[in-house]
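# Commentary on secondary and tertiary structure
The chain contents come next:
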Amino acid sequence: MSKNPSLSFEVFPPKKEEEFDNIFEFLREAAKLHPASISCTYGAGGSRAGKTIEIASFIQKELQIDAIAHITCVGFTRADLEKNCEALQAAGVNHVLALRGDRPQHMTDEQFNSREFFFATDLVKYLKEHTSLQLSGACYPEKHFESPSLEEDLRHLKEKVDAGVTSLVTQMFFDNSCFYSFMEKVRAMDITVPVHAGIMPITTARQLGTTVSLSGSSVPKELADLIATYGDDKEDMRKAGIDYAVRQIRDLKEHGVDGIHIYSMNKLKTTKEICGLI
Ligand code: FAD
């Protein structure tokens, strides 16, 4: 069942101004790996919020690669959304990943809960009605952390797709069997859009404590053991993390996955090495 899945990368706007040039260097080099698309995250309320459009515009206009700008319900009023969509389209960006977003640390529960668009589906419905943007959405092989069950999460995923999402990107996962069992359920619910498997290379032990624990993704014993063995040596850990991600991707390809989405973390060397091995 092996086929050539599409390849995509995710980048984020760097926090420090002096790191900003690096992202363009990353993107120029990453373009040589021929991804079908590159997406750029959005952090509500952060000082880098406006940078998503600038980066997405560079991807689309300079590199002529399908740029996907993330947008979130959190931090966007209807008026903000209209302005943002106009700016995206003026920048040549026609594709967004429509998300609910998480509560930023500085935001109170009251502010978070009074957002105008409540769920990603509300955002998708609005964008479908008022713009010609192509819409992608997020999904969670191990269920979204707030959802009482995978079945309920999948019901809402179906609503999101029916509202106009034409492709999905998964939360990172480290156990392919979770993804395969999720996909069986997705297809059984007649969700037929392409699903891009989110792969996060774990190249430092610290990543497990931050990114991974926030994602709610489970950590298989093999990955935990690998960190216990190599975690103290920077280069050995990086190599072991790449090897784990490569094995995950090869197995996904053998199982006929629609797409591989690499959470690049703006790391060029790691992204290149993985792409050279898959
Ligand atoms: P939704 O689809 O709205 O789902 C959120 C929860 O609500 C789920 O539990 C769902 O089951 C439930 N739900 C949905 N509809 C209903 C309903 N009608 N009634 C009751 N419950 C419902 N965050 C950022 O801030 N910026 C980013 O750039 C970013 N990029 C991401 C990229 C990817 C690929 C992924 C997987 C996540 C990303 N996130 C980002 C994180 C994301 O914003 C969070 O995971 C957020 O908590 C959920 O977003 P969502 O769009 O999946 O939400």
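Below or above, wherever it landed, is the structure these notes cover.

How each quantity is defined
Just so you know, the residues in each chain are numbered from 1, in the order the chain's sequence is written. Totals for whole chains, interfaces and linings use every residue, but because this is a predicted model, local features are given only for residues with pLDDT of at least 70 and side-chain atom pairs only at 80 or more, for both listing and counting. Side-chain metrics rest on all non-hydrogen atoms present in the structure, leaving aside hydrogens and water. One bridge is not enough; two strands pair if DSSP finds at least two bridges between them. For helices the rule is a DSSP run of H or I covering at least 4 residues; for strands it is a run of E covering at least 2, with both sets numbered from the N terminus onward. Orientation is described by axes fitted as lines to C-alpha atoms, over the contacting stretch for helices, and by angles from 0 to 180 degrees between their N-to-C directions. The rule is simple: take the accessible area with a 1.4 Å probe, protein chains only, and divide by the maximum for that residue type; under 20% is buried, over 50% is exposed, in between is partly exposed. Expected span of a helix, by definition, is 1.5 Å for each gap between consecutive residues, and there is one gap fewer than residues. Along the arc lie the directions from the helix axis toward the C-beta atoms. Each residue is tested against the molecule or strand, and it is near if at least one of its non-hydrogen atoms lies within 4 Å. Here a polar contact means two N or O atoms within 3.5 Å. Within protein one must be a hydrogen donor candidate and the other an acceptor candidate, and residues neighboring in sequence count only if both atoms are side-chain atoms. Exposure was quantified through the Shrake-Rupley algorithm and a 1.4 Å probe, taking into account, for residues, occlusion by the shown protein chains and nothing else. Ten residues, namely Ala, Val, Leu, Ile, Met, Phe, Trp, Tyr, Cys and Pro, are considered nonpolar, four, namely Asp, Glu, Lys and Arg, are considered charged, and the remaining ones, Gly among them, are considered polar. Note on aromatic pairs: the rings of Phe, Tyr and Trp (six-membered ring only in Trp) are paired at centre separations within 6.5 Å, and the planes decide the class, stacked below 30 degrees, edge-to-face beyond 60, tilted for the rest. Geometrically, a charge over a ring is one whose NZ (Lys) or CZ (Arg) sits within 6 Å of the ring centre while staying within 35 degrees of the ring normal. In this scheme, roughly parallel covers angles under 35 degrees and roughly antiparallel covers those over 145, while 65 to 115 is roughly perpendicular and the rest are oblique. Crossing handedness follows the turn of the near helix against the far one: under a right angle anticlockwise gives a left-handed crossing, and clockwise gives a right-handed one. Only heavy atoms matter for contacts: two residues are in contact if any of them lie within 4.5 Å across the pair. In this text, buried Ala, Val, Leu, Ile, Met, Phe, Trp, Tyr and Cys residues form a nonpolar core when linked through side-chain atoms within 4.5 Å.

### Quick word on the sheet that holds strand E8 (residues 259–263)
Strand order in the closed barrel formed by eight strands is E1-E2-E3-E4-E5-E6-E7-E8, with parallel pairing between adjacent strands. Strand-to-strand twist across the sheet, computed as the mean angle between neighbouring axes with direction ignored, equals 25°. Sheet topology places strand E7 (residues 195–199) next to E8; four bridges connect them, and they run parallel. Its bridge partner lying in E8, Gly198 is registered against His261.

### Things to note about unusual backbone geometry
For Gln64, which is not a glycine, the phi torsion comes out positive at approximately 55°. When its relative accessible area of 68% is taken as the criterion, Gln64 is described as exposed.

### Considering helix H3 (residues 78–90)
Over its 13 residues, H3 runs 18 Å from end to end, which matches the ideal 18 Å to within 8%, given 1.5 Å per residue. Within H3, burial applies to Leu81, Asn84, Cys85 and Leu88. Relative to the axis of H3, the buried residues are bounded by an arc of 100° and lie together on one face. Exposed residues on H3 whose side chains face more than 90 degrees from its buried face are Lys83, Glu86 and Ala90.

### Concerning the site of the ligand
By nearness alone, 24 residues border the ligand, and Tyr42, Asp102, Tyr140, His144 and Asp153 come closest of all. At 2.6 Å, a backbone N or O of Tyr42 approaches a nitrogen atom of the ligand. Lys160 is positioned such that a nitrogen or oxygen atom in its side chain is 2.8 Å from an oxygen atom of the ligand. Protein coverage of the free-state accessible area of the ligand, which is 990 Å², stands at 84%. Going through the elements one at a time, strand E3 (66–72), strand E4 (95–99) and helix H6 (150–162) are the ones with two or more residues in the shell around the ligand. The greatest single-element share of the shell around the ligand, amounting to four residues, is contributed by H6. When grouped by side-chain class, the residues that make up the shell around the ligand number 10 nonpolar, eight polar and six charged.

### Comments concerning the packing of aromatic side chains
Each aromatic ring pair is described using two quantities: the centre-to-centre distance and the angle formed by the ring planes. A full pass over the atoms with the stated rule returns seven aromatic pairs. Over the ring of Phe112 we find Arg115, and its NZ or CZ is 4.4 Å from the ring centre.

### A few points about the packing of helix H7 (residues 176–188) against helix H10 (residues 234–254)
A pair of packed helices is captured by two measures, namely the crossing angle of their axes and the spacing between those axes. Where H7 meets H10, the axes come as close as 10 Å, and the angle between the chain directions of the two elements is 30°. Classified by the interaxial angle, the pair formed by H7 and H10 is roughly parallel. Classified by chirality, the crossing of H10 by H7 is right-handed. Facing Asn176, Phe179 and Tyr180 of H7, the residues of H10 in contact are Gln248, Asp251 and Leu252. Tallied by class, residues from the contact of H7 with H10 come to three nonpolar, two polar and one charged.

### Focus on the environment of Val212
With respect to the helices, strands and loops of the structure, Val212 is situated in helix H8 (residues 205–215). Taking relative accessible area as the criterion, Val212 reaches 2% and is therefore assigned buried. Counting along the chain gives 87 residues from Val212 to Lys125, while the straight-line C-alpha distance between them is 30 Å.

### So, the nonpolar core
One finds Leu27, Leu81, Leu127, Leu168, Phe179 and Leu252 to be the most contacted residues of the largest nonpolar core, which totals 73 residues. Here the element with the most residues in this core is helix H1 (residues 20–31); it accounts for seven residues. Leaving out residues up to four positions away in the same chain, Leu252 has contacts with Phe173, Asn176, Phe179, Tyr180, Ala197, Ile199, Val257 and Ile260. Ranked by size, the runner-up nonpolar core spans 18 residues in total, among them Phe174, Ile227, Met237 and Tyr244.

### Quick look at the pairing of E3
Most of E3 is tucked away: six of the seven residues are buried. For strand E2 (residues 37–40) and E3, the ladder comprises four bridges, and the chain directions are parallel. Paired with Ile38 across the strands is Ala67, a residue of E3. Relative to E4, E3 is paired through four bridges, and the arrangement is parallel. Looking at the pairing, Thr72 lines up with Leu99 of E4.

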